[in-house]
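The primary structure of each chain is shown beneath.
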Amino acid sequence: PVGKFPAIMRDIAVIVPVRIRTEEIANAVEAAGGNLLIDSDLFDYFQDDRMREVDQKSMAFHLVFQSSARTLTDTEVDKLMLAIMSALEEKGWEVRK
């Protein structure tokens, strides 16, 4: 169903070793995003020659934040994004900024 309150969308890209599966990244994002992160979708996969040499790839995700009870603020979503970035960096992955 369509929510009563507007969603806030953000994108995040992370550089990970080639062996890391998309599902592992998505699980880390969703765990850190909490219950206000209602959707995350992979929208870009990138790997250039330099990344191939060091067995890395870049994966970017659309993130959708929404509450069923109220309108979210940018500040709230910014805090969630920081939590997501921290969770990814704790795994040794590089968040593209």
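This is a predicted model, so every value here is computed, not measured.

About the criteria used
- Residues numbered from 1 in each chain as written.
- Predicted model: local features only at pLDDT ≥ 70, side-chain atom pairs only at ≥ 80, totals over all residues.
- Heavy atoms only, no water.
- Pairing = 2+ DSSP bridges.
- Helix = DSSP H or I, 4+ residues; strand = E, 2+ residues; numbered from the N terminus.
- Axes fitted to C-alpha atoms, helices over the stretch in contact; angles between N-to-C directions.
- Contact = heavy atoms within 4.5 Å.
- Core = buried A, V, L, I, M, F, W, Y, C linked by side-chain atoms within 4.5 Å.
- Buried < 20%, exposed > 50% of the residue type's maximum accessible area, 1.4 Å probe, protein only.
- Polar contact = N/O pair within 3.5 Å; in protein donor to acceptor, adjacent residues only side chain to side chain.

Here we come to the sheet that holds strand S2 (residues 37–46). Spatially, four strands are ordered S2-S3-S1-S4 in an open sheet, and the strand pairing comes out antiparallel. Each edge of the open sheet carries a strand with a single partner, namely S2 and strand S4 (94–96). Neighbouring strand axes in the sheet, compared pairwise and without regard to direction, differ in orientation by 30° on average. Where helix H1 (residues 22–33) meets the sheet, it contacts strand S1 (8–17), S2 and strand S3 (56–65), and its direction lies at approximately 35° from that of S3.

What follows covers the nonpolar core. By size, the foremost hydrophobic cluster in this structure holds 24 residues, and its most contacted members are Ile12, Ile25, Leu63, Phe65 and Leu88. Broken down by secondary-structure element, the contributors of at least two residues to this core are S1, H1, S3 and helix H3 (74–90). Broken down by element, this core gets its largest block of residues, six residues, from H3. Not counting residues within four places of it along the chain, the set of residues in contact with Phe65 comprises Pro6, Ala7, Ile8, Arg10, Leu36, Leu37, Leu72, Val77, Leu80, Met81 and Ile84.

What follows concerns the environment of Asp74. Its location among the elements puts Asp74 in helix H3. Asp74 sits in the partly exposed class, given a relative accessible area of 49%. With 66 residues separating them in the primary sequence, Asp74 and Ile8 have C-alpha atoms 8.0 Å apart.

This part is about the side chain of Gln47. Counting through the fold element by element, Gln47 comes out in the loop between S2 and helix H2 (49–53). Polar side-chain contacts of Gln47 include one of 2.8 Å to the backbone oxygen of Gln56. The residues touching Gln47, leaving out its near neighbours within four places in the chain, are Val18, Arg52, Gln56 and Lys57.

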